[in-house]
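So the chains spell out like this:
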Amino acid sequence: MRPGELHRPRIRTPDQRIRVFISSTLEELAEERAAARRAIEKLRLTPVMFELGARPHPPRELYRAYVDQSQIFVGIYWQRYGAVVPGMTVSGLEDEYRLSASHPRLIYVKSPAPEREERLSELLEAIRRENLASYKPFSTNAELQDLIENDLALLLSERFGSGSGGEGPSASPEIASTLRGNVPGMRARLVGRERERAALKDLLLREDAGLVTLTGPGGVGKTSLGLEIAGELASSFEDGAFLVSLASVEDARLVVPAIASVLDLHISTPDDQMTKAIEAHLRFKQTLILLDNFEQVVAAAPVISVLLGACPRLKILATSRVPLRIRGERELHLAPLAVPKAGEDLDEESLMGCGATRLFIEHIRAARPDFKLTRERAVQVAEICRRLDGLPLAIELAAARCRVLQPKAVLSRLEDALDLLQDGPRDLPERQQTLRAAIRWSYDLLSPELRTRFARLSALVGEWDLEAAQAVGEIAAKPRPDVLAPLVALAESSLIQSVDDDRGEPRFRMLETIRLFAQERLIESGEAEHVRRCHAEHFMRVGLEIGSAAGGLRQRERLLRLDRDLANLRAALQWLLDAGAIEEMLRTATALWRLWEVRGHAAEGFRWLDSGLLRQEAANPEVRAEALLRCGWLARNVSGLAGARRRIEESLALFRDLDNERGVAAALNNLGAIALDQGDREAARQALAEAIVLRRRLGDPIGLAASLLNMGSVEQSDENDDRAAELYLECLEVSRSSGDLDHQHRALIHLGNLRQLEQRYEEAVPLYEESIGLARSLDDRNSVATTTANLGSLARHRNDLPRARELLAEGLSIFREQGNRMGCLFCLVNLARTRGAQGDALLSARVFGACETLREQLGLPPSYMRHEEYLAEIAILRDRAGPESFELAWQAGRRLSMEEAIEIVTGG
């Protein structure tokens, strides 16, 4: 070779491309191997996929030749170590790693790995101690593919880029070119951002996207994601990727000099000429510029538009809390990380699969490697992340507190989240070292008017609509101006968020941590008490409006509104209670009684009403009577029948004193139903007979239907089945004539139950099916559960025991979710009977014992269990199990809670 040719790069033919050997266990990592292949081929390299080498007994000489003839080693590991064949002391998997000592090695370890074999753990620990290989965790195939693709590109640019020295291979020119720019490498990969990463990369690589703006609230991770993507895409831009940090730039006129400085253009000219100099520099270059923290210099947006117009190959990625609002801008809003749903069953695997909780756990373990994630801690971690709305900065700061506090202690202190979540890493900008500073950064950019509106909106909880925003935001303005424009401005500033609404109406919410900051500003303003009164008065009107349509054709719509406004209704009720506005609070809670019950909030509704009644002194007797009536009915399922009857009797006395016949009829109806539950059939019959007379005279079809239904139950309990059927049919006719869907489906349930007791099963089924259809149309989950449970009981009577268990368990699940203990008792009794019929005598005995305890707690008479049938079944179980064993099981069941009994009878 002539001296002048010594350092010329070698030219490789297609069959001489760099070869990347993939080592893994085929049986458990087939999909991961496919992801690795895609990443390697995307870089135009050659994947070496020696399938024999991934089997339990690989031929050593063959896979050794494959490793020797490759230039890069990629190891993918999860749980299996592989077999150790005769004549070997290690598995083929470990042998492949040892044989690759002369190659660059990229190691990827899948997590979680609850069943990792001990020898694989030892191998991984040895790899970590050696510190001679790149070692990264991953969870999904998409994440693995991205990691391999990025790591290979970086490795090749650093190791093979020069094409000179040694005998190693040269990379292809598009990979080997030296990357230009100043974007720092990201050591830690962002958690939970796979979808956003892909979307952002796709936008930046599109021909028709010049400006992409990454927006989102403070602390959501815009800068981190922008840096990561700019670093990953640097190799895709011939002339490099550059970071222009604008965090310390407060004057929009200084944006152009900042860009020029980063591009190393030392120009001392007026701004317009400096812009032209940047244009000239970038006109024919393929460059990516990351403008970080653009929100405080948004007035410079027109200059960005000029640069993009003059430089066709220039791409700009801006991070900003507000969009730039120039033509051609593509906005990608970065939302907080996903959090686990409330009530979700949690373990380490599910938490590591959720962005917010995985971030929290990874940060804890970085500070405390010995941190153990018990089930109790899993629940606490999930609740912390929910309370922090999945905001990455808040989660990282909370996790940092776990250096000295357990998650339980952090959770208990989150009421003061803005004070707790401070002292972040010192190498972060000051605005990111505390949550309060991150939010203030956005707040300081608002106009005085928007600051006032922002503070007032903190009175709203959860989601809210334009009317609610108007109620708290324009407390002194007459006539009221348009409220939408300031909300849009606050949303663009990432201080509030728009929420999808199935009706197409705009709804908004504020992240809880941001709301705490806004509340501080509201208190400082001196308007807090007045704004909260406006909030309470507005939602008092909402509550009265929602309650007015309960049970009618619009019940489903009202229930959906209750769901949407529940958090604000609770806040309004609490403020009214604390402010001593007891009458207003009772009116609102009373109006909602039926919806509390239907939605499974009977216990909560009871607590609101009971709290108000206990604090009410010289009250309006009409309001008190109505509140007692509804509180007594809700108490039936919460505090027991005795307390329920006492309240309703007090209500009846007040209504009689007031000469309010409608109130008297309603109280008599509820009193009759409670008396029947207690087994006092004579008192029930007397009360209901008077109620029916009153309601016929008053022309109250809905009330009459309710009383006819209850009187039918009295007749049925006295075994007057024909008379009961007549009353149920009259109830059905009256409710159909008035369009009362609620009592229609209840009458159908009672008729179905009657036919079931008469063993006319074929007639019962269509009655139940029509009933459950109506209940679903009303979105009445309690009635759906009732009908489902009755169908389960019917299946038991027909000896279809597997179907009976399935239906009863389904009904029980809904009753349990709704807090309906009487419904739970019905299902537990029938499940105990079903399990006994299937041969589980001792299990059945335990559950019957638990049912007896629950029946007593609710104040129900023995007849509630259909006593004769019940005693006969107990006698059969006693014979099957043996008297002594039966008694031990029964007494053990008596000590069980309802929840424990449910777990026993529905398991196995």
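Residues numbered from 1 in each chain as written. Predicted model: local features only at pLDDT ≥ 70, side-chain atom pairs only at ≥ 80, totals over all residues. Heavy atoms only, no water.

A. Looking closely at the overall build of the protein. Regarding its fold elements, the protein presents 42 helices and 13 strands. Sorting the 908 residues of the protein into buried and exposed places 54% on the buried side. Counting only contacts in the protein whose residues sit at least 6 apart along the sequence, the fraction spanning at least 24 positions is 71%. Summed over all atoms, the accessible surface of the protein reaches about 40800 Å², with 50% contributed by carbon and sulfur. (Helix = DSSP H or I, 4+ residues; strand = E, 2+ residues; numbered from the N terminus. Buried < 20%, exposed > 50% of the residue type's maximum accessible area, 1.4 Å probe, protein only. Contact = heavy atoms within 4.5 Å. Areas by Shrake-Rupley, 256 points an atom, 1.4 Å probe, with all protein chains shown as cover.)

B. Quick look at the environment of Leu351. By the element assignment, Leu351 lies in helix H12 (residues 348–352). The exposure class assigned to Leu351 is buried, which follows from its relative accessible area of 0%. When the C-alpha atoms of Leu351 and Leu373 are compared, they prove to be 9.8 Å apart, with 22 residues separating the residues in sequence. Leave out the neighbours within four places in its chain, and Leu351 touches Pro340, Leu346, Thr357, Arg358, Ile361, Leu373, Ala378 and Ala382.

C. Up close: the side chain of Asp700. Tracing the backbone through its elements, the reader meets Asp700 in the loop between helix H31 (681–698) and helix H32 (701–717). Within the structure, the side chain of Asp700 is placed 3.0 Å from the backbone nitrogen of Gly703, a separation counted as a polar contact. If sequence neighbours within four positions are ignored, Asp700 has contacts with Arg662 and Arg695. (Polar contact = N/O pair within 3.5 Å; in protein donor to acceptor, adjacent residues only side chain to side chain.)

D. Here's a closer look at the sheet that holds strand E9 (residues 314–320). Spatial ordering of the open sheet is given by E7-E8-E9-E6-E10, a layout of five strands whose pairing is parallel. Lying at the two open borders of the sheet, with one neighbouring strand each, are strand E7 (241–245) and strand E10 (329–333). For this sheet, the mean inter-axis angle between neighbouring strands, taken without regard to orientation, is 20°. Against the sheet, helix H7 (residues 194–204) engages strand E6 (211–215), strand E8 (287–292), E9 and E10, with an angle of about 175° to E10. The strands that helix H9 (residues 255–262) touches are E7 and E8; relative to E7, the one it contacts most, it runs at about 140°. (Pairing = 2+ DSSP bridges. Axes fitted to C-alpha atoms, helices over the stretch in contact; angles between N-to-C directions.)

E. Broad picture of the sheet that holds strand E2 (residues 46–48). Spatially, E2-E1-E3-E4-E5 is the arrangement adopted by the five strands of the open sheet, whose pairing is parallel. In this open sheet, the two edge strands, each paired with only one partner strand, are E2 and strand E5 (134–138). Neighbour-to-neighbour, the strand axes of this sheet turn through a mean angle of 25°, independent of strand direction. Sheet topology places strand E1 (residues 19–23) next to strand E3 (residues 72–77); four bridges connect them, and they run parallel. Within E3, the residue paired with Ser23 across the bridge is Gly75. Against the sheet, helix H1 (residues 26–42) makes contact with E1, E2, E3, strand E4 (105–110) and E5, and its axis sits at roughly 170° relative to E1, the strand it touches most.

F. The packing of aromatic side chains, seen in detail. Tallied over the entire structure, the rule returns seven aromatic pairs. An aromatic cluster is built from Phe21, Phe73 and Tyr97, whose rings are joined through pairwise contacts. The cationic tip of Arg451 hangs over the ring face of Tyr443; the distance from NZ or CZ to the ring centre is 5.2 Å. (Phe/Tyr/Trp six-rings, centres within 6.5 Å; stacked < 30°, edge-to-face > 60°. Lys NZ or Arg CZ within 6 Å of the ring centre and 35° of its normal.)

G. Broad picture of the packing of helix H28 (residues 621–635) against helix H30 (residues 661–677). For the pair H28 and H30, the least separation of the axes is 10 Å and the interaxial angle reads 20°. What the angle tells us is that H28 and H30 run roughly parallel. Viewed along their axes, H28 and H30 form a crossing whose handedness is left-handed. Along the contact surface, H28 presents Leu629, Arg630 and Trp633, while H30 presents Ala666, Ala667, Asn670, Ala673 and Ile674. Taken together, the residues of the contact of H28 with H30 sort by class into six nonpolar, one polar and one charged. (Parallel < 35°, antiparallel > 145°, perpendicular 65-115°, else oblique. Left-handed = near helix turned anticlockwise from the far one by under 90°. Nonpolar A, V, L, I, M, F, W, Y, C, P; charged D, E, K, R; others polar.)

H. Spatial organisation of the confidence of the model for the protein. Of the residues in the protein, 87% reach a pLDDT of 70 or more, and the chain-wide mean stands at 83. Averaged over each element, pLDDT in the protein is lowest for helix H6 (residues 173–176) (34) and highest for H31 (95). Across residues 1–15, confidence stays below pLDDT 50; counting only partners more than four residues off in sequence or on other chains, it has nine contacts. Here residues 52–58 is a poorly scored stretch, pLDDT under 50, and it has 16 contacts once near neighbours within four places are set aside; other chains count. (pLDDT = per-residue confidence, 0-100.)

I. Structural detail: unusual backbone geometry. Cis geometry marks the peptide bond from Ser111 to Pro112, where omega comes out at 0°. Phi at Arg325 takes a positive value of approximately 60°, unusual for a residue other than glycine. Secondary-structure assignment places Arg325 in the loop between E9 and E10. By relative accessible area, Arg325 is classed as exposed at 63%.

J. Representation of the nonpolar core within the structure. Counting 175 residues, the largest nonpolar core has Leu200, Phe360, Phe454, Leu457, Trp464 and Leu828 as the members making the most contacts within it. Setting aside residues up to four positions removed in sequence, Trp464 forms contacts with Leu457, Ala469, Leu487, Ile496, Arg507, Phe508, Arg509, Met510 and Asn568. Within the second largest apolar cluster, 31 residues are counted, among which are Val244, Ile278, Ala301 and Ile326. (Core = buried A, V, L, I, M, F, W, Y, C linked by side-chain atoms within 4.5 Å.)

K. Quick peek at helix H33 (residues 721–738). For H33, with 18 residues, the first-to-last C-alpha span of 26 Å sits near the 26 Å given by 1.5 Å per residue. When H33 is considered as a whole, its buried residues turn out to be Ala724, Ala725, Leu727, Tyr728, Cys731, Leu732, Val734 and Ser735. Those residues of H33 that are buried are in contact with H32 and helix H34 (741–757). Looking one or two residues beyond H33, the residue adopting positive phi is Gly739, at roughly 75°. (Expected span 1.5 Å × (residues − 1).)

L. Representation of the pairing of E8 in the model. Here E8 lies mainly inside the structure; six of its six residues are buried. Sheet topology note: the E7/E8 ladder contains five bridges and is parallel. When the sheet's bridge partners are listed, Leu243 is paired in E8 with Leu290. Bridge count for E8 against E9 is six bridges, and the pairing is parallel. Within the sheet, the bridge partner assigned to Leu288 lies in E9 and is Lys315. The handedness of the E8 to E9 crossover, carried by helix H11 (residues 301–310), is right-handed. (Right-handed = clockwise from strand over helix to strand, strands pointing away.)

M. Just the pattern of salt bridges, in detail. The full count for this structure, using the stated rule, is 69 salt bridges. The salt bridge involving Arg197 is made with Asp146; its shortest N-O contact spans 2.8 Å. Within this pair, whereas Arg197 is found in helix H7, its partner Asp146 is found in helix H5 (residues 141–159), the two being separated by 51 residues in sequence. On the accessibility criterion, Arg197 (1% relative accessible area) is buried. A single network of salt bridges, built from pairs that share partners, joins Asp146, Arg197, Lys201, Glu228 and Glu232. (Salt bridge = Lys/Arg side-chain N within 4 Å of Asp/Glu carboxyl O.)

N. Expanded view of the packing of helix H38 (residues 821–837) against helix H42 (residues 898–906). With their axes 10 Å apart at the nearest point, H38 and H42 run at an angle of 35° to one another. The interaxial crossing formed by H38 with H42 has left-handed handedness. Contacts between H38 and H42 involve Arg821, Cys824, Leu828, Leu831, Ala832 and Arg835 from the former and Met898, Ala901, Ile902, Ile904, Val905 and Thr906 from the latter. Partitioning the contact of H38 with H42 into residue classes produces nine nonpolar, one polar and two charged.

O. Structural view of the pairing of E9. In terms of burial, E9 is a largely internal element, seven of the seven residues being buried. Along E9, one buried face is formed by Leu314, Ile316, Ala318 and Ser320 and the opposite face, lined by Lys315, Leu317 and Thr319, is buried too. Note: E6 against E9, five bridges, orientation parallel. Following the sheet pairing, Thr213 is matched in E9 by Ala318.

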